[in-house]
Amino acid sequence: MTRRGLVLTLGAAVLYALPWILDTVRLRMAIEILYFGLFAVSFNLLFGYAGLLSFGHAATFGVGGYTLGLVLKHLHGMPLLGAFVAAAVAGAVGGLVIGFFCVRLRGTYFALLTLAFSQFLFAVALKWRGVTRGDDGLSVVVPDIRLPGGITARMSDAPHFYWLELTIVLLCLAAAWRFIRTPLGNAVALMRENDERAAFLGYNVFGTKLVVFTFAATLAAVAGALFAAFQRLISPSSLDLPMGTEVVFMAILGGTGTFLGPFLGAAVYILIQDWLSKTTEHWPFVIGLLFVGMILFAHQGVTGLLGRQGPLHRRWVARRQPVEETA
Amino acid sequence: MAAACLELENIHHDFGGLLVLQGVALTVREGERHAIIGPNGAGKSTLFNIITGRLAPRRGRVVYRGRDITGASPHRIARQRVGRSFQIINTFPRLTVFQNVRSAVVSRRDRRLDAWSLLDDDAEITHETEELLNLLGLAERRDTPASELSYGEQRELEIALTVAVQPELILLDEPTAGLNAEDSRKAVALIRRVTEGKTLVMVEHDMDVVFTLADRISVIHYGRVLASGVPDDIRRNEEVQRAYLGRKVRAVPR
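Residues numbered from 1 in each chain as written. Chains lettered and ligands numbered in written order. Predicted model: local features only at pLDDT ≥ 70, side-chain atom pairs only at ≥ 80, totals over all residues.

1. Structural notes on the packing of helix α2 (residues 24-49) of chain A against helix α9 (residues 205-231) of chain A
All names here are of chain A.
And step 1. Orientation of α2 relative to α9, taken along the N-to-C sense of each, is 165°, at an axis distance of 9 Å. It follows that α2 is roughly antiparallel to α9 by the angle criterion. When the axes of α2 and α9 are compared, the crossing they make is left-handed. Packed against α2, whose contacting residues are Ile31, Tyr35, Leu38, Phe39, Ser42, Phe43, Leu45, Leu46 and Tyr49, the element α9 presents Val212, Phe213, Phe215, Ala216, Leu219, Ala220, Val222, Ala223, Leu226, Phe227 and Phe230 at the interface.
And step 2. Classifying every residue of the contact of α2 with α9 gives 19 nonpolar, one polar and no charged. (Axes fitted to C-alpha atoms, helices over the stretch in contact; angles between N-to-C directions. Helix = DSSP H or I, 4+ residues; strand = E, 2+ residues; numbered from the N terminus. Parallel < 35°, antiparallel > 145°, perpendicular 65-115°, else oblique. Left-handed = near helix turned anticlockwise from the far one by under 90°. Contact = placed C-beta atoms within 7 Å. Nonpolar A, V, L, I, M, F, W, Y, C, P; charged D, E, K, R; others polar.)

2. Overview of the interface of chain A and chain B
And step 1. Facing 17 residues of chain A, the contacting portion of chain B comprises 28 residues.
And step 2. If you tally residues by element for the side of chain A that touches chain B, the top one is helix α8 (residues 183-200) of chain A, at 10 residues.
And step 3. Here the residues of the side of chain A that touches chain B are counted per class, giving nine nonpolar, five polar and three charged.

3. Side note on the sheet that holds strand β7 (residues 169-173) of chain B
All names here are of chain B.
And step 1. Spatially, six strands are ordered β6-β7-β8-β3-β9-β10 in an open sheet, and the strand pairing comes out mixed. Each edge of the open sheet is held by one strand with a lone partner, namely β6 (82-84) and β10 (224-229). Across this sheet, the average inter-strand angle for adjacent strands is 15°, counted without regard to direction.
And step 2. Sheet analysis places β7 next to strand β8 (residues 199-203), joined by five bridges and oriented parallel. Note on β8: the bridge partner recorded for leucine 169 is threonine 199.
And step 3. The strands touched by helix α1 (residues 44-51) are β3 (33-37), β6, β7, β8 and β9 (216-221); relative to β7, the strand with the most contacts, the crossing angle is about 150°. (Pairing = 2+ DSSP bridges.)

4. Quick look at the sheet that holds strand β4 (residues 59-64) of chain B
Hydrogen bonds along the backbone pair up the strands of a sheet, which may run parallel or antiparallel.
Residue and element names in this part refer to chain B.
And step 1. On the basis of which strands lie adjacent, the open sheet formed by four strands has the order β2-β1-β4-β5 and antiparallel pairing. Edge positions in the sheet fall to β2 (18-29) and β5 (67-68), since each of these pairs with one other strand and no more.
And step 2. This element, α1, spans β1 (4-15), β2 and β4 of the sheet and lies at about 115° to β1.

5. Considerations on the environment of A:Val25
Residue and element names in this part refer to chain A.
And step 1. Tracing the chain through its elements places valine 25 in helix α2.
And step 2. Judged by the 9 C-beta atoms lying within 10 Å of it, valine 25 is exposed.
And step 3. Placed 133 residues apart in sequence, valine 25 and alanine 158 show a C-alpha to C-alpha distance of 9.5 Å. (Buried ≥ 20, exposed ≤ 12 C-beta atoms within 10 Å, placed from the backbone.)

6. A closer look at the confidence of the model for chain B
Do not read the fine detail of predicted coordinates wherever pLDDT is low.
Residue and element names in this part refer to chain B.
And step 1. Across chain B, the average pLDDT comes to 89, with 96% of residues at or above 70.
And step 2. The secondary structure element of chain B with the lowest average pLDDT is helix α10 (residues 247-250), at 48, and the one with the highest is helix α3 (residues 97-108), at 96.
And step 3. The low-confidence segment residues 249-254, where pLDDT is below 50, has five contacts with residues more than four positions distant or belonging to other chains.
And step 4. What the predictor reports for the complex is a pTM of 0.90 with an ipTM of 0.89. (pLDDT = per-residue confidence, 0-100.)

Right, dumping it as structure tokens:
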């Protein structure tokens, strides 16, 4: 087995073992980190890879959550996994429609139109009370999963939910990881680098951006569905601006230059938020200061600070090595 | 006489009312090296942008190998084996030289939509890319990000990207702009090599380069074709001398 394969296997083993390591409170935080991590990675497919800054990425996150909730409510006997698939499909359709209008724009105009779409969906979720229950939010009834061999995965049980979620998130991350290494994924990076030049090499700029927008929307919808299933509730706030900007912060906090940076950012964000909210009621202020600091001094994020080129790496790791050699 | 490769018919264009092209008509034959010269602001780059789909002309037609491509989008024109380079360096700055050229190879092989195979593991694409890098003298800089190349090397990469899609019609916009004499000589040799058997249209200010490379020359002046012909005819044309070439060329013995 290659070294990378070994690391991945060990990492996955540790992740699957977490329910035996963490207490319930911390396991619930791990559950939150997983879906926000997936959300942040999907955002970064747009921002870090395609160079498209979306302020409305919450739109399909919410679409996924509402789809899961509505499917489970209205289609009796629908298995949970079927509802997740429905959420992913709804996210893909939503991404295709929103992307169709947005990806022909650039920069600020792209960001503003994505924001407009998410605010539009927010208004729909708020006002269409008959379907969405408006402000109160839609309560989500999550059925258990019957596995072969008479085993039942109880979704009210945090470890069971965590294992299901971990499996879904790992599959989504693997799909995204593989996608960016295909020729089409390479074309996505060309959109960020220089979409005009790509066009003159024969790449369809609109089509390529629409593909990655739709893919990112699909993953965001899965993250939103996991969010709804865990919270047992989906409300308009899942589509609102704070949700759309939180994911931007998570991605930047972790570092948009790497694949897993945004996932790390989501983890750090949730841990900091948890710690701060226990310490001070003014925690959003501190988070805001942190964001300003990151943008000013470390816009490569945590992975940028720790990475091979980063200042912390130079200070701690690179400097230590020569000492070890002479010792 | 060889068949027409590219025909421009009565091309008009303006920017906010400012007339840039006023009825350009031009024929480029298969296999010839055709230079377009003219003073700054004559509309040369605009003409390139119209041929390659960056701009749609207000009036007129662009016909490539008998097909009307007027106003088609850049990627559709590029897929018909029309490659262009840019006056301003226009590469993928943070990708390495290898990744830059490979992206062009992927497009040439029509693998743009391949969402399954892993690009790094594709031996054929890697091999073709490396052959191109060797041919173009960029192999040593294989893993350098495009933005860290010297200016001359970036020009080479610009040409490499253009020819990596194996175009039948190659348009080069001032390929030697800003190069010193030696790099310019290298660029001319490179252009000669990679355009062998292809049709070339280039915009160029350096008259040495133009008269060395071109089989035919068209002079554009105030949005019109002032003259079009073999280099000797252009050199002798009095109107051209007055408008553009100036004293230096007038000294050439008739």
